[in-house]
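Architecture at a glance
Here are the chains, one letter per residue:
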Amino acid sequence: MAPRFVPLSDVAEMLSISATQAYALVRSGELRAIKVGGRGQWRVEDTEIESYIQRRYEATARMVEEERANAQTTEA
């Protein structure tokens, strides 16, 4: 059974980013996380990771569509 919550180091590995970048995503609110344990270590629920990835896909699709529209306007 896969763990429900993963540490930021695992999130960073899953997203192929640095641990610092993963922490910045949490601090900015882009990636929801919780602090657990006596030392207040950050954990991210696996469903939140998937939700973040889906939001990034949607944002990328919008960006590509806008670029495509701008390129068509420039060509006209």
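Attention here is on the structure that accompanies the text.

1. A look at the pattern of salt bridges
Under the defined criterion, the tally for this structure stands at 3 salt bridges. Arg32 is the salt-bridge partner of Glu48, the closest N and O atoms lying 3.3 Å from each other. Of this pair, Glu48 sits in helix α3 (residues 46-75) while Arg32 sits in the loop between α2 (19-28) and β2 (34-36), placing them 16 residues apart in sequence. For Arg32, a relative accessible area of 57% gives the class exposed. Measuring nitrogen to oxygen at the nearest pair gives 3.1 Å for the salt bridge that ties Glu65 to Arg68. With Glu65 and Arg68 both in helix α3 and 3 residues apart, this pair spans about one turn of that helix. The class for Glu65 is partly exposed, based on a relative accessible area of 44%. Under the relative-accessibility criterion, Arg68 is labelled partly exposed at 44%.

2. Section: the packing of helix α1 (residues 8-15) against α2
Look at α1 against α2: their axes get within 8 Å of each other, and the N-to-C directions meet at 105°. Judged by the inter-axis angle, α1 sits roughly perpendicular to α2. Listed contacts from α2 to Leu8, Val11, Ala12 and Leu15 of α1 are Ala19, Ala22, Tyr23, Leu25 and Val26. In terms of residue class, the contact of α1 with α2 is made up of 9 nonpolar, no polar and no charged.

Cut-offs applied
- Residues numbered from 1 in each chain as written.
- Predicted model: local features only at pLDDT ≥ 70, side-chain atom pairs only at ≥ 80, totals over all residues.
- Heavy atoms only, no water.
- Salt bridge = Lys/Arg side-chain N within 4 Å of Asp/Glu carboxyl O.
- Helix = DSSP H or I, 4+ residues; strand = E, 2+ residues; numbered from the N terminus.
- Buried < 20%, exposed > 50% of the residue type's maximum accessible area, 1.4 Å probe, protein only.
- Axes fitted to C-alpha atoms, helices over the stretch in contact; angles between N-to-C directions.
- Parallel < 35°, antiparallel > 145°, perpendicular 65-115°, else oblique.
- Contact = heavy atoms within 4.5 Å.
- Nonpolar A, V, L, I, M, F, W, Y, C, P; charged D, E, K, R; others polar.

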